[in-house]
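Residue-level structural notes
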Amino acid sequence: MWKYIKQYKYKNLTIAVLLLCVNLIDTSFAFIQMYLGNLIFEGSLGAVVRVLLFNLFLGLVKHYLNYCEGICEARTIAQMNQSLRRDISLKIAGRSFVEFDAEDTGEYVSSYTNEVREAENQGFLNFYNAVYMIFGFAFGALALVVVCPELLLLTLAVSAGMLYISNHYGRKVEEFSKKFSDALAQYTDASKEQIAGMGVLRSFGMMPEFHSRMHRAGERLEDERLQYIKRKGIVNIKAMYINIIGINAINILTFVLCTLRIIAPEVIFGSVNLTNQVGNSFSGLLQLRIQMSGARPYFKKAEPKKEIGCERPPLPIVEKTVVVQGLSFMYGETPVIENLDLKFQTGGKYLIIGKSGCGKSTLLKLLSGQLTGYRGKILFDGREASDYDEGSFYRQMAYI
């Protein structure tokens, strides 16, 4: 996810600035409430009205900033989604023919649709919520330093305990999310298979079977979705209870300090808001951290495969011959080609004939680099085919 955040860093920075301004206004409300409390104790009703009007103005500014931030966020997410889809395309295009055929096309379709949507919901959207809460935590903590450092220390202690507990919960949610991601891909495969065979089922009067199979596939997906929501919900409930205990402890201390006259009575008007701002922000970050862990499996699917060793050079222009020596190939345990010797001259035209299944297509796929794992030799101008990058063969060869 961070790759895409950095790719659009200036747009994300603009969003961050807007969120910062919103949080500054939120924090200022706490100080305004403290000031209002002081004016009420003094009986300055005229000043109270003026402060309330200023409070209303700040509220309108905050709503406008929220609107601007929402528009910027939607546009940036759209661009990051497109970058994610482009990386998925590059990863699919970079697969060998064998690797590509190993998965059903339905899984690739799921990557472009369902998984991009989940990456947005669990990744990008939660990231912006996290930025908002980080600012809320920071400004609230700074304000508490001014108002009552003791409250800040207690709030930070409770928050640290919640962070420690969240490490375990985050790993659990990532596991649950991986299972749901796999279930989405399986459902897409099943749907594609049934729709592709609908004509056959219809011609044999078996449409009830089509409906039955689609229903069963949907039930399996929804069961996995329900399990995912249940498991994630239980984790969030545990985190929420920990947060409630901590926030209540902080609020009780605030009232005790006020009763003992350690802090001024009017401070309580805003200090509760500040402690809640710090505690709730940290609690929100804890839950968002758990939810963002669920986005990792979707982003991992767009990561390029790490190549081991040196890259092989592209195939040079074949000028003389293509020679096959002792070529053998098997599909699993079934031999298709055994000890085949052939020689092709550039500029020549050749006819390959034989019974169905004797290996004609397999030979052409081996020559064009679509299949690997053979025994023997395939020589282009005397040099072994495996010395070259099979992905470059298409520049000189076509197989239809």
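The text that follows walks through the structure, step by step, so that each part is easy to find.

1. Concerning unusual backbone geometry
Working note: non-glycine residues mostly have negative phi, and peptide bonds are mostly trans. The phi dihedral of Asn339 is positive, around 50°, even though this residue is not glycine. As for its position among the elements, Asn339 is in strand 2 (residues 334-345). You will see that Asp381, though not glycine, has its phi angle at about 55°, which is positive. You can see Asp381 is positioned in the loop between strand 3 (375-380) and strand 4 (383-384).

2. Here we look at the nonpolar core
Grouped together as the largest cluster of nonpolar side chains are 36 residues, with contacts concentrated most on Met1, Tyr4, Met80, Leu84, Phe124, Phe127 and Phe299. Residue assignment for this core shows that the elements contributing at least two residues are helix 1 (2-7), helix 2 (9-42), helix 3 (45-93), helix 6 (114-147), helix 7 (149-196), helix 9 (207-259), helix 10 (267-293) and helix 11 (296-300). Top element by residues in this core is helix 6. It accounts for nine residues. Counting residues in hydrophobic clusters, the runner-up holds 19 residues, among them Leu315, Val324, Leu327 and Val336.

3. Describing the pattern of salt bridges
Using the criterion set out here, one finds six salt bridges in the structure. Lys3 is the partner of Asp87 in a salt bridge, and the nearest nitrogen-oxygen pair spans 2.7 Å. Residue Asp87 is located in helix 3, and its partner Lys3 is located in helix 1; the two are separated by 84 residues in the primary sequence. For Glu390, the salt bridge goes to Arg312, with nearest N and O atoms at 2.7 Å. A residue pair is termed long-range when its members are at least 10 positions apart, and Glu390 in the segment after strand 4 and Arg312 in the loop between helix 11 and strand 1 (321-331) qualify at 78 residues. Residue classification places Arg312 among the partly exposed residues on the basis of a relative accessible area of 38%. Connected via shared salt-bridge partners are Glu209, Arg213 and Arg216.

Reading the values: the criteria
Within any chain, residue numbers begin from 1 and follow the written order of that chain's sequence. pLDDT decides what is reported in this predicted model: residues at 70 or higher carry local features, side-chain atom pairs at 80 or more are listed and counted, and totals for whole chains, interfaces and linings draw on all residues regardless. Calculation of side-chain values draws on the structure's entire complement of heavy atoms; hydrogens and water are dropped beforehand. Strands are runs of DSSP state E lasting at least 2 residues, helices are runs of H or I lasting at least 4, and numbering of each runs from the N terminus. Grouping buried Ala, Val, Leu, Ile, Met, Phe, Trp, Tyr and Cys residues that are joined through side-chain atoms within 4.5 Å yields what is termed a nonpolar core. Only protein chains enter the calculation, and the probe is 1.4 Å; a residue is then buried if its accessible area is under 20% of its type maximum, exposed if over 50%, and partly exposed in between. Think of a salt bridge as a Lys or Arg side-chain nitrogen and an Asp or Glu carboxyl oxygen that are within 4 Å of each other.

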